[in-house]
Amino acid sequence: MPTPAHHIAGIAAANITRVYPNFPAHLVTSATEDTRPDTLHPAFYGAYDWHSSVHMHWLLVRTLPRLDAPGEFTGVLDRHLTPEHLAVEAAYLLDRPSFERPYGWAWLIALAAECRGTAWEAAFTPAVDAVGRLLAQWLPKATYPVRHGTHANSAFALGLVLDTGAAAGLGDGTLDAVRERLRSWFADDHDAPAHWEPSGQDFLSPALTEADAVRRVLPEGEFGRWLDRFLPALATGAPCALLDVPVVSDHADPQIGHLLGLALSRAAALYPIAAALPEGPVRRRLTEAADAHLAAGLPAVDRGDFTTDHWLATFAELALSARPAHPAP
């Protein structure tokens, strides 16, 4: 019987090699342009869209050490993650500075970090350099954050960049600029409208992704005080909608189904937020909410429905990895 890790690796490999259906975020400028997915993106053509392909590659690479026989899956990575293919991907990003900004950029950095020490590490140099250049161009003019609960969310992406950027090869100057932008956006925030969440197609929590990003850039004691101002209901014990598992009325609906990811991404944020707080009722409350969200989201990871199978397992991995003292299978 396949192990859970082998099963997840199979889901990831099946998706990154599946060309169609495909949703290219590509502006066609000529009738003669070759818009085939594997022409535009020789490394990241599968899994429905570019960012899903990147993070499903990340999931596969991350799962390899847990496999008894990883050779079954390394062949597809050898074919995709070549210097030639990643040079094309890097050039595509530089030619289109707003493409996949910032979500796809962050996942590319996370993938490069996951490939450190592997046969694919060196191939990522141009792609990492491209993202570093794009961040340097974008951060100074990003006056305001995007607080949506979907791909454009600023806090989630920059938090992921901070977690993985050093291992990927981003320079200290770039990471310092990310930290400074997060502080400038969020350090003075207070009284988050948690009762507005979730929106109908969120897979990220605007409030929790912000709190998790701030956790990364403030000292531990200062973060606790910031959280009291940002989400005062936590300290008072008042109801807080962020801690209630979202209701998903139709798992197969591509937008409503995002809420399955919300359950998992909330868990992935709640665990480290809780761990940054002292022992006490708030920490216990957040950890219990994280456990409930994880339990609700995990059964949906492999439903045999492409609308969720092409992306959801990645967020399960994030949540399981964030859970303390319980390694992912």
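Provided above is the structure to which this section pertains.
Residues numbered from 1 in each chain as written. Predicted model: local features only at pLDDT ≥ 70, side-chain atom pairs only at ≥ 80, totals over all residues. Heavy atoms only, no water.

A. Representation of the overall build of the protein chain within the structure. For the protein chain, the helix and strand inventory stands at 16 helices and zero strands. Oriented by its inertia axes, the alpha-carbon framework of the protein chain measures out at about 60 × 50 × 40 Å. Looking at the protein chain as a whole, 53% of its 329 residues are labelled buried. Residue pairs at least 24 apart in sequence account for 74% of intrachain contacts in the protein chain once pairs closer than 6 positions are excluded. With an accessible surface of roughly 14300 Å², the protein chain has 56% of that area assigned to carbon and sulfur atoms. Taking the 24 positively charged and 38 negatively charged side chains of the protein chain as two groups, their mean positions are separated by 4 Å. (Helix = DSSP H or I, 4+ residues; strand = E, 2+ residues; numbered from the N terminus. Buried < 20%, exposed > 50% of the residue type's maximum accessible area, 1.4 Å probe, protein only. Contact = heavy atoms within 4.5 Å. Areas by Shrake-Rupley, 256 points an atom, 1.4 Å probe, with all protein chains shown as cover. Lys, Arg positive; Asp, Glu negative; His and termini not counted. Charge placed at Lys NZ, Arg CZ, Asp CG, Glu CD.)

B. Summary view of the packing of helix α10 (residues 206-217) against helix α11 (residues 220-230). Orientation of α10 relative to α11, taken along the N-to-C sense of each, is 160 degrees, at an axis distance of 10 Å. Between α10 and α11, the interaxial angle falls into the category roughly antiparallel. The interaxial crossing formed by α10 with α11 has right-handed handedness. Facing A207, E210, A211, V214 and R215 of α10, the residues of α11 in contact are F223, W226, L227 and F230. The residue inventory of the contact of α10 with α11, partitioned by class, reads seven nonpolar, no polar and two charged. (Axes fitted to C-alpha atoms, helices over the stretch in contact; angles between N-to-C directions. Parallel < 35°, antiparallel > 145°, perpendicular 65-115°, else oblique. Left-handed = near helix turned anticlockwise from the far one by under 90°. Nonpolar A, V, L, I, M, F, W, Y, C, P; charged D, E, K, R; others polar.)

C. Layout of the pattern of salt bridges. The tally for this structure, following the rule as stated, stands at twelve salt bridges. Residue R216 pairs with D212 through a salt bridge whose shortest N-O separation is 3.4 Å. Pair noted here: R216 and D212 are both in helix α10, with a separation of four residues, about one helical turn. Shared partners join several salt bridges into a network, and the residues in it are R62, R66, E114 and E317. (Salt bridge = Lys/Arg side-chain N within 4 Å of Asp/Glu carboxyl O.)

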